[in-house]
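Secondary and tertiary structure notes
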Amino acid sequence: MHKHTQLYIDGTWVAPAGSGLAEVLNPATEQAIGQVPLGDERDVERAVQAARGAFPAWAATPASVRAGYIQALAAQLEARGDEMAALITAELGMPVQWCRSIQVDGPLEGLRHYAELAALMDEVREVGNSLVIREPVGVCAFINPWNYPLHQLLGKLAPALAAGCTVVVKPSQETPLHAFLLAQMIEAIGLPAGVFNLVSGPGAKVGEALAKHPLVDMVSFTGSTGAGVRVAQAAAPSVKRVCLELGGKSALLIAEDADLAAAVRYGVQDVMLNSGQTCTALTRMLLPASRYAEALELAVAETASLRLGDPLDPESFLGPMCSAGQLRTVRDYIRIGEEEGARLLCGGVAVPSGLERGFYQLPTLFADVDNRMRIAQEEIFGPVLCLIPYADEVQAVQLANDSPFGLSSGVWAGTPERALGLARQLRAGQCFINGAAFNYRAPFGGYKQSGNGREWGEEGLAEFVEIKAVQC
Ligand code: NAD
């Protein structure tokens, strides 16, 4: 049991003002594996005051010294990486086959990059009689989801520390344990008191109190579009900076000249990874009508080859959904898809045999999907892939862009030139060509209702920077 009864505020573990503890379940077993405090507005107040108090000295700390703390944190995380990965597998359900590399090593690489980028804070640009200098935004609140919990936390924390900001972190209630482990690492590296503060608790209470707090200069939120809108509304009266990283319904455009077997295989695996609980998942596969029947066969065969099961089994590709609520949402959408007239190729709402305990969902494919159907327009956040035929590339691009979201996209084509030509036409913050890898040095974020900020890379640092022009 990971039993946490205290919050990390002002460099020390303190008893929460809020009463009660929230249980954390292992979604594979439905057993409690931990507890964290249910903080409230008084804990937020204490944490924000601590962050405010620590800000002037931290902002004035040389960037090279801040970079040293980032490196020390990276060393801690590397040394305790297996422990972190095991914890995330236990609280999220992501199989061990993926958890260390995707949930720990990837964000660790991004963290290290910010030790290098911290030096940018010292750069001064001369424009005529002005010196343009960079300064940290101030006190930042981070509100995070549960699906890639450490990735989301470090995507905000690393640039904030590099810039010289102080922070208050609110993890998701489903997966808070990784944040407590990270706080232990922060304590171990001796980060100055008040620079990092951790308050767990419900979004509507702790998240809302952070978003509206007048002494918080910036709120960086990752989560659903609905909650993001509420955070922006709560933040508006104090005119704080708001960075939103929201949902998606991304398309994979497979061109007529693509290697169909490779493209379909990639597309199916992309959606089934983390049981579909990936904001960038390419959940709409756009296929040339001339090759549609062949693609359906390939997709069904690929899906059948992916093992659903215990996340501790090294052969499992998919684990359980993160929570009972998420499982219900996914099954509701599958029923909606059938009512809308989409053709269920495999999967569905049945309980997978032998997996009666745990929040397991069968990987599901829908064919004959019209892009205007709800299952093609709304984020399901589960292992559900819509296969949509198109007549020509003009229509394919139009279908890809016919979405309220614009987080990610993919193109698979026979030549790099053709793929790049298509990628440029897609209204999304990311595009993955022919199965290219995620890049922690490049900016990440969404168009349209997928958000308004960028994380990772230099653009991720810019989110935490104020620009001052000094005329001389
Ligand atoms: P969610 O919106 O339910 O919760 C996210 C966080 O917001 C949680 O910590 C929650 O407690 C908090 N919260 C909820 N209501 C709040 C309120 N009124 N005020 C302040 N805080 C509040 O999302 P989730 O179910 O945890 O995560 C899944 C969603 O996150 C999906 O939509 C997914 O696409 C999105 N996501 C986006 C990205 C991205 O980078 N764009 C990355 C991962 C996940």
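Keep in mind the model is a prediction, meaning the values are calculated, not measured.

1. Here we look at the overall build of the chain
Across its full length, the chain carries 15 helices and 22 strands. A compact globule built from 472 residues should have a C-alpha radius of gyration of about 23 Å, and the chain, at 22 Å, falls within 12% of that. With the principal axes as the frame, the chain shows a C-alpha extent of 65 × 60 × 40 Å. Out of the 472 residues belonging to the chain, those deemed buried represent 58%. When the accessible surface of the chain is totalled, it reaches about 17,600 Å², and 52% of it is carbon and sulfur. In the chain, which carries 36 positive and 51 negative side-chain charges, the distance between the mean positions of the two groups comes to 5 Å.

2. A short note on helix 13 (residues 393-401)
Of all the residues in helix 13, the buried ones are Ala-396, Val-397, Leu-399 and Ala-400. Down the axis of helix 13, the smallest arc covering the buried residues is 160 degrees, so these residues share one side. Lining the buried residues of helix 13 we find strand 13 (251-254), strand 14 (284-288), strand 17 (384-390) and helix 14 (416-423).

3. Comments concerning the pattern of salt bridges
Taken as a whole, this structure holds 21 salt bridges when the rule is applied. Where Arg-46 meets Asp-43, a salt bridge forms, and the shortest distance between an N and an O atom there is 3.6 Å. Taken together, the residues Arg-46 and Asp-43, both in helix 1 (residues 41-60) and 3 residues apart, mark about one turn of the helix. Its relative accessible area of 35% is what places Arg-46 among the partly exposed residues. Taking the relative accessible area as the measure of exposure, Asp-43 reaches 0% and is therefore buried. Put simply, Arg-418 and Glu-393 hold a salt bridge, and the shortest N to O gap is 2.5 Å. Taken together, the residues span a long stretch of sequence, with Arg-418 in helix 14 and Glu-393 in helix 13 at a distance of 25 residues. Overall, the relative accessible area of 30% leaves Arg-418 in the partly exposed class. Among the charged side chains, a network of salt bridges with common partners joins Asp-82, Arg-100 and Asp-105.

4. Here we look at the nonpolar core
Across soluble globular proteins, nonpolar side chains show a tendency to be buried alongside one another. Core analysis: the biggest nonpolar cluster contains 105 residues, and Leu-157, Leu-182, Phe-196 and Ile-254 have the highest contact counts within it. There are two domains that each give this core at least three residues, and those are domain 1 (2-246 + 450-471) and domain 2 (251-441). Apart from the residues lying within four places of it in its own chain, the contact partners of Ile-254 are Leu-260, Ala-263, Val-264, Met-285, Leu-286, Leu-287, Pro-288, Tyr-390 and Trp-412. Within the second largest apolar cluster, 32 residues are counted, among which are Leu-253, Leu-286, Met-321 and Val-384.

5. Describing helix 1
Taking 1.5 Å per residue as the helical rise, helix 1 with its 20 residues ought to reach 28 Å, and the 29 Å between its terminal C-alpha atoms agrees with that figure. A bend of about 40 degrees at Ala-54 is the largest found in helix 1, and the proline Pro-56 appears one to four places after it. Of the positions making up helix 1, those classed as buried are Asp-43, Val-44, Ala-47, Val-48, Ala-50, Ala-51, Ala-54, Phe-55 and Trp-58.

6. Describing the domain arrangement of the chain
The assigned domain composition of the chain is domain 1 (2-246 + 450-471) and domain 2 (251-441). Centre-to-centre separation of domain 1 and domain 2, based on C-alpha positions: 30 Å. On the side of domain 2, 32 residues touch domain 1, which itself brings 35 residues to the contact. Ranking the residues of domain 1 by area buried against domain 2 places Glu-30, Trp-146 and Ser-450 at the top, with a combined share of 19%. One salt bridge connects Arg-441 with Glu-116, and the closest N-O pair in it is separated by 3.0 Å. Between domain 1 and domain 2 we count 14 residue pairs in polar contact (both at pLDDT 80 or more) in total. Secondary-structure elements contributing two or more residues to the side of domain 1 that touches domain 2 are helix 3 (81-92) and helix 4 (96-117). Counting residues per element, the side of domain 1 that touches domain 2 draws most heavily on helix 4, at 11 residues.

7. What about the UniProt feature "domain: Aldehyde dehydrogenase" (unreviewed entry) in the chain?
Following the UniProt record, the feature "domain: Aldehyde dehydrogenase" (unreviewed entry) maps to residues 13-470 here. Within the segment residues 13-470, helix and strand shares are 42% and 19% respectively, and the terminal C-alpha atoms sit 41 Å apart.

8. Description of unusual backbone geometry
Phi at Asp-10 is positive, roughly 55 degrees, even though this residue is not glycine. Within the fold, Asp-10 resides in the loop between strand 2 (7-9) and strand 3 (12-14). Among the residues examined, Asp-10 registers a relative accessible area of 42% and is labelled partly exposed. Positive phi, close to 65 degrees, is recorded for Phe-381, a residue that is not glycine. Considering the arrangement of structural elements, one finds Phe-381 in the loop between helix 12 (374-377) and strand 17. Owing to a relative accessible area of 15%, Phe-381 belongs among the buried residues under this scheme.

Thresholds, definitions, all that
- Residues numbered from 1 in each chain as written.
- Predicted model: local features only at pLDDT ≥ 70, side-chain atom pairs only at ≥ 80, totals over all residues.
- Heavy atoms only, no water.
- Helix = DSSP H or I, 4+ residues; strand = E, 2+ residues; numbered from the N terminus.
- Rg over C-alpha atoms; globule rule 2.2 N^0.38 Å.
- Buried < 20%, exposed > 50% of the residue type's maximum accessible area, 1.4 Å probe, protein only.
- Areas by Shrake-Rupley, 256 points an atom, 1.4 Å probe, with all protein chains shown as cover.
- Lys, Arg positive; Asp, Glu negative; His and termini not counted.
- Charge placed at Lys NZ, Arg CZ, Asp CG, Glu CD.
- Arc of directions from axis to C-beta.
- Contact = heavy atoms within 4.5 Å.
- Salt bridge = Lys/Arg side-chain N within 4 Å of Asp/Glu carboxyl O.
- Core = buried A, V, L, I, M, F, W, Y, C linked by side-chain atoms within 4.5 Å.
- Domains from an automatic or database assignment.
- Expected span 1.5 Å × (residues − 1).
- Bend = angle between axes of the 7 residues up to and from the residue.
- Buried area = accessible area lost by both parts, 1.4 Å probe.
- Polar contact = N/O pair within 3.5 Å; in protein donor to acceptor, adjacent residues only side chain to side chain.
- UniProt positions renumbered as here; feature names shortened; annotations may be inferred.

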